[in-house]
Amino acid sequence: MAEFENHEVLVDATQRTYAEGYRKLDAYSPFPVHGLSEALGRRKTRVPLIVLLGGMTGGLGGYFMQWYAMRVDYPFNIGGRPLHSWPAFIPITFELTILCAALSAIIGMLALNRLPEPYHPVFNVPEFRRASLDRFFLCVEATDPKFDLVRTRTFLEGLRPESVKEVTS
Amino acid sequence: MADVVTNKTISPAAPKHAPSHTVANIKVVAPPAELAREPLVGNQRSIGWISDAIAGVAEGKTPMWWWMAFVPSVILMTTCFTMIVYLVSVGVGVWGPGHPVMWGWAIINFVWWIGIGHAGTLISAILFLLRQKWRTSINRAAEAMTIFAVMCAGIFPLIHIGRVWLGWWLFPIPNSNGIWPQFRSPLMWDVFAVSTYFTVSLLFWYMGLIPDLAVMRDRAKTTIRKFAYGLFSLGWTGSNRHWSNYEKAYLILAGLSTPLVLSVHSIVSMDFSVSQLPGWHTTIFPPYFVAGAVFSGFGMVLTLLVPLRRLLKLEDIITVRHVELMCKVTLATGSIVGYAYAMEFFIAWYSGNPYERYAFINRAVGHYAWGYWIMIGCNVITPQLFWFKKIRQNMMIVFILSIFVNIGMWFERFVIVVISLHRDFLPSNWGFFRPTWVDILTYLGTFGLFFTFFLLFLRFVPIIAIGEVKAVTPQADPHHPLGGAKEGGHH
Amino acid sequence: MNDDLQSRLNRFRFLALVSGVIGIVLCVVGAFINTQRFFISYLFGYLFWLGLALGCFAVSMIHHLTGGRWGQVTRRFQEAGFMTLPVMALLFVPIFFGLKHLYPWAQPVKVAADTILQHKHAYINPSLFIMRAIFFFIIWIVMAFLLRKWSLQQDKTTDVTPTRRLRTLSGVGIVIYALTVTFAYIDWVMSIEADWYSTMFPVIICIGQILTAYAFSIMVLTYFSKYQPISETVTTTQFHHLGNLLLTFVMFWTYISFGQLLIIWSGNLPHEISWYLHRIAGNWKVIVWFLFLFHFFLPFFSLLFRPTKQHPRTLVKLAAIVFVAHMVDVYWMIAPSFYPTGIHLSWMDFAAPIGVGGIWIAIFIYNLKGPLLIPQNDPRVEYSLAHGK
């Protein structure tokens, strides 16, 4: 794992590492750095799809619930309004769409990030504490087919890092 | 059309700061002083300083003023709970409402608090979508304010039902009598709107907090703090995978929250406007309530942040420019509210409906005219002072005017609820409304609840989004004329 | 502006002018065949294009206040759009002669039978109607000239005074815009139905105007982005922003339109609900479905997705759909009051918008040809260009 001083060096280093053939990489930064996903060769996130499905479930389910309750299960004349009063059903349908979409957004985000995850090997590096403050890290995982403790280390040291550390698990 | 896009970078998933499309031969000039945007972080502070300054608020020794504010807040909060216990054990008769003013302070306070709760999510969501970077210094505190205000608001509908243990009848669970809640009633829409709003605001706020809780975890000195912040930061590492899913989810939540904010107060307004009562039944209510809510919300944010930036020595992060921008939003929404008042009045006359006309004339010259004119004074005249830069930049005046806004918006709801109800269609149905001491103490008590939570938030949570502020410093922005020059290369 | 574009625009302007004149001539003929029918169609065609001019007026002021890169490449289109106002004021004159064909308050028989009309008579009567219309047009034209003048002045100087003036004028101007449009459209449209009233209605009008102006700006920008100098400046980001703005106003339109419907539907008061009853009667329902699909459903769900907004070719289609849908919306606001049982189309319903629109577009192109297509020396523009906002 290599430590860098700012995000531009990090992006540059990541691009070079990826070009070198390493694939099991991850980069750590205190704020989102743009261009990193591309440098890491990542696909687009699937959060939007999850939200879309969640929102549709909420909306259709919400409308169906009201229609079923007011029209089928408990028909009741209120002020002469039709049993199936679609304009009056829109507000709740809307709220439930938003609620379900928002819940799927946050749950989807956590699930895709495998959070909560109380233990992660990178925390074993003392310097990593600064990853949330003002330092930028690039980690090559040992499971990468191209990984070799010595060669990878030498390679990382050629990328102008502040330091290179080994992550114990 | 492909030739339009060639040679231009197609923006990657970059909601916050789209990379600059460096167009050929455009010279980068700093704007002339008077049109220059003030830097969002004053005095060219470094990103390390930001972490220290913000996290320091929650890490340092508890200052004296904090205790001086906290103790009375807790006492008030206790009063609130005592009043609730009293209300529940005796019955809703201890409150003022009665024939013909069947809705009293409870709904006024509910609408008032929930209106205040609109600024937080609005600041967070809409300003995020509009890429208004100035939001970063104030959104966290404003979101917290939203949540606490919605809590205060939620108390009133919950306890006004009297038999609170039957509150679950409001939820769409078929109960033992096989009866469903009445989905055609705006009061049911309210239940869904407010609970959705509370849930989503809480999630939005918490989600924004996760990376900052990781900062707190990594700075923590004691084991307890380490454990607590570690627990709530969920193991956040700041890896690219985390950030990219996180950013997308945050963008989507912002996108979802924006219509949600609009819908909540629109639905609250429909509690009134779908009825047939003159003064309540008017079509402009939804946008007018939303504008009023944003107006009062920004009023409350100013009331809180103007003294706080001084007390917490955060003047370089919550700058005068932030205050000025909030004043401008207050001016804009205050003008919309003024427009709505004028329209209601005009259309009441134009409609030719004698009841409509009477309702509005009665507001202006009737028994409760004083309430109406307080409302006009505070909501129509006060914000117009924000046209002047001198006033926007004078913190003392801004603070005082923001309190007027809060008062004015309470009276707006008073005018709508009490004045409209106290003169019914038939003169035999006319009456007055007088609040009881329980009404007054419950309302004051909610301030205790609000401030207790807000003060706890100040002590234990980073009150400003640390990661986001870092991203808006000139140093972090390679496209800013003042920053990013160190590494060159990138552009 | 290069020669290719120049000659295309000249051709375009000629075509617009010809179809405008033909449309107007047909309208004049129609006026002799069926006078009332002519005025209904003319009011519809006229108000749609006036709405576009006023929308351009509002959008350019919004841009002066908020800045943003989208405005820098579209501002000259909006200016050319609102500079049609002097001619639009002239085109309003025919309506003065059709008051008794259009408005119940101008028909003494109806006024004598309706107490509400008698009550309103002090405010809404032919002479005050004409005076107010003249007053509104004077305000709009004066402000339009100032906005245009200072904007062009800034092209020639690096001194920031014009920009500062524009900002101040726009702050006050947007308030004036809201108030004048409100009272103008109460006179011109709301009062067509004798007893109807709605406080939301003027807001719906304003949002509709701004929405059309954005749709129009997107269409013109896409066309111009093939040519110098716009092709050098425009990027996907600007289309993306304009797409977001279009989405926002589609949402606003839906929100306030539905809000008005829900409140009036729930109240179900005779003087209010009649407006909707006229507008869903018979085959007017087809129009309601059309508006639902093309003024809301299709643009809304398509614009939610990022790629739609970043590809000018898809975006321009949606903008065109919104533009046409809004034209139908304006028709739906006016015509059902006269035909409360179902659609009653006339050939003049096409001749009038083509006639007014042809003239409008001819003037629009004429206004584009003088100044530079990209405003120069705007201190915020250079900053924002460099800053990627």
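Calculation rules
Residues numbered from 1 in each chain as written. Chains lettered and ligands numbered in written order. Predicted model: local features only at pLDDT ≥ 70, side-chain atom pairs only at ≥ 80, totals over all residues. Heavy atoms only, no water. Helix = DSSP H or I, 4+ residues; strand = E, 2+ residues; numbered from the N terminus. Buried < 20%, exposed > 50% of the residue type's maximum accessible area, 1.4 Å probe, protein only. Contact = heavy atoms within 4.5 Å. Areas by Shrake-Rupley, 256 points an atom, 1.4 Å probe, with all protein chains shown as cover. Lys, Arg positive; Asp, Glu negative; His and termini not counted. Charge placed at Lys NZ, Arg CZ, Asp CG, Glu CD. 1 Å grid on protein atoms, 1.4 Å probe; cavity = no way out; pocket = protein on both sides within 12 Å on 5 of 7 lines; lining within 4 Å. Points joined across faces, edges and corners; volume = space filled by probe spheres on them. Nonpolar A, V, L, I, M, F, W, Y, C, P; charged D, E, K, R; others polar. pLDDT = per-residue confidence, 0-100. Buried area = accessible area lost by both parts, 1.4 Å probe. Polar contact = N/O pair within 3.5 Å; in protein donor to acceptor, adjacent residues only side chain to side chain. Domains from an automatic or database assignment. Expected span 1.5 Å × (residues − 1).

Describe the overall build of chain C, listing the residues and the values that go with them.
Secondary structure assignment for chain C yields 18 helices and zero strands. Across its three principal directions, the C-alpha atoms of chain C cover 65 × 40 × 40 Å. Here chain C holds 389 residues, and 63% of them are scored as buried. Put simply, 83% of the contacts in chain C that link residues at least 6 apart link residues at least 24 apart. Roughly 13,900 Å² of accessible area belongs to chain C as shown, and the carbon and sulfur atoms make up 73% of that amount. One way to put it: in chain C the 27 positive side-chain charges average out to a point 4 Å from where the 15 negative ones average out.

So what's going on with the layout of surface pockets? Residues and values would help.
Residue and element names in this part refer to chain B. The space that makes up the second largest pocket amounts to roughly 1,100 Å³. Elements that contribute at least two residues to the lining of the second largest pocket include exactly α4 (105-116), α6 (139-160) and α7 (186-219). Ranked by residues supplied to the lining of the second largest pocket, first place goes to α6 with eight residues. Its residues assigned to classes, the lining of the second largest pocket comprises 28 nonpolar, ten polar and two charged.

So what's going on with the confidence of the model for chain C? Residues and values would help.
Reading predicted coordinates in detail is not appropriate for stretches of low pLDDT. All names here are of chain C. Mean pLDDT for chain C: 89, with 96% of residues reaching 70 or above. Mean pLDDT per element in chain C: helix α18 (residues 379-387) is the minimum at 52, and helix α10 (residues 201-224) is the maximum at 94. Every residue in residues 383-389 is under pLDDT 50, and counting partners more than four places away or in other chains gives 26 contacts. We note a pTM of 0.87 for the whole complex and an ipTM of 0.89 for its interfaces.

I'd love a proper account of the environment of Ala55(B), names of residues and values included.
All names here are of chain B. Within the secondary structure, Ala55 sits in helix α2 (residues 47-59). On the basis of relative accessibility, which here comes to 0%, the residue Ala55 falls in the buried class. Between the C-alpha atoms of Ala55 and Leu213, which are 158 residues apart in sequence, the distance is 9.8 Å. Residues contacting Ala55, with those up to four places away along its chain left out, are Ile50, Met216, Arg219 and Ile466.

Can you tell me about the interface of chain A and chain B, naming the residues and giving the values?
Between chain A and chain B, the residue contacts involve 65 residues of the former and 62 residues of the latter. Surface buried jointly by chain A and chain B totals about 5,600 Å² across both partners, of which 68% is contributed by carbon and sulfur atoms. Ranking the residues of chain A by area buried against chain B places Glu8(A), His34(A) and Glu95(A) at the top, with a combined share of 11%. Summed over the shared surface of chain A and chain B, the number is five residue pairs in polar contact (both at pLDDT 80 or more). Breaking the side of chain A that touches chain B down by element, the ones donating at least two residues are α1 (7-20), β2 (25-28), α2 (36-39), α3 (47-73) and α4 (86-112) of chain A. Looking at the side of chain A that touches chain B residue by residue, the class counts come to 42 nonpolar, eleven polar and twelve charged.

Account for the domain arrangement of chain A, naming residues and giving values.
Examined at the domain level, chain A breaks down into domain 1 (2-44 + 118-164) and domain 2 (47-112). Here domain 1 of chain A and domain 2 of chain A have C-alpha centroids that lie 44 Å from each other.

Give me the lowdown on α4(B), citing residues and values where you can.
In this model, α4(B) (twelve residues) spans 16 Å end to end at C-alpha, consistent with the 16 Å of a helix rising 1.5 Å per residue. Among the residues of α4(B), those classed as buried are Trp105(B), Ala106(B), Ile107(B), Ile108(B), Asn109(B), Phe110(B), Val111(B), Trp112(B), Trp113(B), Ile114(B), Gly115(B) and Ile116(B).

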